Amino acid sequence: MPRLFRRAADQLAGAAPGWLVETVRPAPAPLRWGPMLRTAVAVTTPLILGVAAGQVVAGLLPAMGAMTASVSDRGGSYRARTILMGAAGLAGGLGYLAGALINGHGWWAVLVLVVVSVVSALISTVGATGSMAGLQLLVMAVIGAGIEVPGSPGQNALMFVLGAGWAVALAVAGWPARPRAAEEAAVIAVYRSLSLLFSGRDPDALVAFDITLKNGYETVLGARSRAAGTDPERRRLVALLNQASLVRNALISLDHEGREPPGEAAETVEELTESLAGGCEPPRPRRCECGSPALRALCSAVREAVELVSGSEVAAGQLPYEPVGHGHRLRAMWEKMWYGHLTRVYTVRLALCMGAAAAISELDLFERSYWTSLTVALVLKPDFGSVFARAVQRALGTFAGALIGTAVLLVVPYGPAILIPIAVFAALLPYGMQRNWGLMSTFQAPLVLLLVDLLTHGGPRLAEIRLLDTLIGCLIVLLLGYLPWSASWEAPVGPQFAEVLSAVADYLRHAFDPRDGTRAAHLRKAYDALADLRTVFQRAVTEPPAISGRITTWLPALVSLEQLTDASAATAVRTDHGMPPPSEEAVHAVVTALEDIAAGIRAGRTPSKPELPEEEALERVNSALYRLRDTVSENRSG
């Protein structure tokens, strides 16, 4: 950014309230040319074929299908990406079919859209794939009901799905050459982040490593298949992730002993990283100082990682999660869908807002008011982040995008030349998604304007209509789906905080038995729950002060909880390598205290002060636990 514009931006940031700055601040992200080029090709190819055939409108729905699948791509293994993008494309096709069948049916269309919104909300609760499929089901139902496209509804829905399939084919085109590319890249990223921990273990570095490790597990385990248990390469990658976690915990143990990690270990991890990236041969094991339990733990973890990279056998039972059958997954999804309080609240909010938006559309109060319903569907997705932040970002992003779209429609004549800006905006969508919702809306708004203009020849006035309808949709969300609901004004930290405490307590039940093969699974669940809690805090800073102020009072307790989790893992590592383990009575006392704090948070009461036996092995754990209890109590009393 030029210095003049940077200075102006800094002055505006200084004048705006802090919560508003955080709401619109884009996250730093690099330009990823691969996804950008792929999205541009996916969206524009159907349009180019339509122009070549003299029927540019015929390429419109396939282009929209390709855009839907492309924006659903969240990375990961080829299998996970295919499932996510394919589910979004199929759901979008079904949604379009339902919407097109009710096009022009008056108030029946309003009723059907409300029913579709209920189905969408229920589907959205069952995970990332369900969330994306539910969103596209509703979005395309609105488009089908609001825009009349030449051709039969069934044929048009099929063309949409074919366009989505084209985008999926482009996304997985590299699979035959490198079927494990995503998983290998995730493991390499973990070891690069691990190398940074040798030079400093400040909280930010640990959090960055934990996020990278969580992504690594999700990517590698997301590639599983029915034969995954016998897949030796996948088991090797999971084992490497396990070793990285052990090295991390050993480094924290060294801090507890007041020691610095030996330089040989740091050099070995760097060489491991280069070897995984294909830059050199696997390193040879170095002699390592083993004068303390933490040093022995570090040397052992690094040595076993070297052996894995060198091709040694992976021991059975290396997976960090227990195998879960399809029946268990389906039951968990069913319970979450039908019995979750948040599911019911979200379903009612979405149905209410969609009913209001569809009614406005039916009353013909505004031109092309189906965009109002689209805005409601896109903004009212709490699993995508703060509803308030998304409404603000959507409004600001659409305003900027409408101005850009107007300029393009004024400059570029109708015809094949319009495909050039369409390709540019399509390419920018993945970049905008990385930064924030508002920036993605800035690129999506002109792209949609240009696609609609191909069908309607509406010209520059489309931008004005789009902006007005978007603002109305954002107002509906804020007035009906946000402000009246008490859940919008509550700090959602407590339940997730209690979940982390329970997960740490569950880990400690198994942590000091070296024969227990489930220890790695319980530890990862504790760190995963902690990562989810951090996400709650990150979203909190984009809420208005009435909400963010209450949530940030939990920050001292979060720091204490992170210290407790790290101290538990580090203590277990040291006891595995020579330090006398704590007694069962002492571990039981810590577990009981953790569960009491969790129960107190769930019940809204101040937890009682724990009585913990003084044992050297649990000194760090007990100290962190006392701090945690005190910070939770202060938050409750405040």
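Heads up: the structure comes first, above all this text.
I will try to describe carefully the structure that is included in this document. Remember, predicted model here, so these are calculated numbers, not experimental data.

## As for helix α6 (residues 107–124)
Piece 1. Compared with an ideal rise of 1.5 Å per residue, which puts 18 residues at 26 Å, α6 spans 26 Å between its outermost C-alpha atoms and is within 8% of the ideal.
Piece 2. Listed in full, the buried residues belonging to α6 are Ala109, Val110, Leu113, Val116, Ser117, Ser120, Ala121, Leu122 and Ser124.

## A word on the packing of aromatic side chains
Piece 1. Summed over the entire model, instances satisfying the criterion amount to 1 aromatic pair.
Piece 2. Ring centres 5.1 Å apart and planes at 50° place the aromatic pair Phe497 and Trp554 in the tilted group. With a gap of 57 residues between them, Phe497 in helix α21 (residues 493–510) and Trp554 in the loop between α23 (545–552) and α24 (555–575) connect regions that are remote in the sequence. Side by side, Phe497 and Trp554 carry an identical accessibility label, which is buried.

## Regarding the packing of helix α5 (residues 78–101) against helix α7 (residues 128–146)
Piece 1. Put simply, α5 and α7 touch, their axes get as near as 6 Å, and they point 30° apart. Here α5 is positioned roughly parallel relative to α7, judged by the angle of their axes. Viewed along their axes, α5 and α7 form a crossing whose handedness is right-handed. Residues Ile83, Leu84, Ala87, Ala88, Ala91, Gly92, Leu94, Gly95, Tyr96, Gly99 and Ala100 of α5 lie in contact with α7, whose contacting residues are Ala128, Thr129, Met132, Ala133, Gln136, Leu137, Met140, Ala141, Gly144 and Ala145.
Piece 2. Broken down by class, the residue content of the contact of α5 with α7 amounts to 15 nonpolar, 6 polar and no charged.

## Here we look at the side chain of Thr631
Piece 1. As for its placement among the helices and strands, Thr631 is situated in helix α26 (residues 619–637).
Piece 2. Not counting residues up to four positions away in its chain, the partners in contact with Thr631 are Pro556, Ala557 and Ser560.

## Re the pattern of salt bridges
Pairing is possible between side chains that carry opposite charge, provided their charged atoms lie close to one another.
Piece 1. Tallied over the full model, the rule gives 20 salt bridges.
Piece 2. Arg192 is the salt-bridge partner of Glu274, the closest N and O atoms lying 3.7 Å from each other. Remark: Arg192 occurs in helix α9 (residues 181–197) and Glu274 occurs in helix α12 (residues 263–276); sequence separation between them is 82 residues.
Piece 3. In this structure, Asp210 engages Arg248 in a salt bridge whose closest nitrogen and oxygen atoms are separated by 2.9 Å. Linking Asp210 in helix α10 (residues 203–221) with Arg248 in helix α11 (residues 232–257), this pair joins segments that are 38 residues apart in sequence.
Piece 4. Overall, Arg248 belongs to the buried group, its relative accessible area being 1%.
Piece 5. If you follow the salt bridges from partner to partner, you end up with Asp210, Arg248, Arg534, Glu562 and Asp566 in one network.

## Notes on helix α13 (residues 293–309)
Piece 1. Taking 1.5 Å per residue, 17 residues should reach 24 Å; α13 reaches 25 Å between its end C-alpha atoms and fits that length.
Piece 2. Burial analysis of α13 places 13 of its 17 residues in the buried class, which makes it a mostly covered element.
Piece 3. With its phi angle positive at about 105°, Gly311 sits one or two positions after the end of α13.

Calculation notes
- Residues numbered from 1 in each chain as written.
- Predicted model: local features only at pLDDT ≥ 70, side-chain atom pairs only at ≥ 80, totals over all residues.
- Heavy atoms only, no water.
- Helix = DSSP H or I, 4+ residues; strand = E, 2+ residues; numbered from the N terminus.
- Expected span 1.5 Å × (residues − 1).
- Buried < 20%, exposed > 50% of the residue type's maximum accessible area, 1.4 Å probe, protein only.
- Phe/Tyr/Trp six-rings, centres within 6.5 Å; stacked < 30°, edge-to-face > 60°.
- Axes fitted to C-alpha atoms, helices over the stretch in contact; angles between N-to-C directions.
- Parallel < 35°, antiparallel > 145°, perpendicular 65-115°, else oblique.
- Left-handed = near helix turned anticlockwise from the far one by under 90°.
- Contact = heavy atoms within 4.5 Å.
- Nonpolar A, V, L, I, M, F, W, Y, C, P; charged D, E, K, R; others polar.
- Salt bridge = Lys/Arg side-chain N within 4 Å of Asp/Glu carboxyl O.

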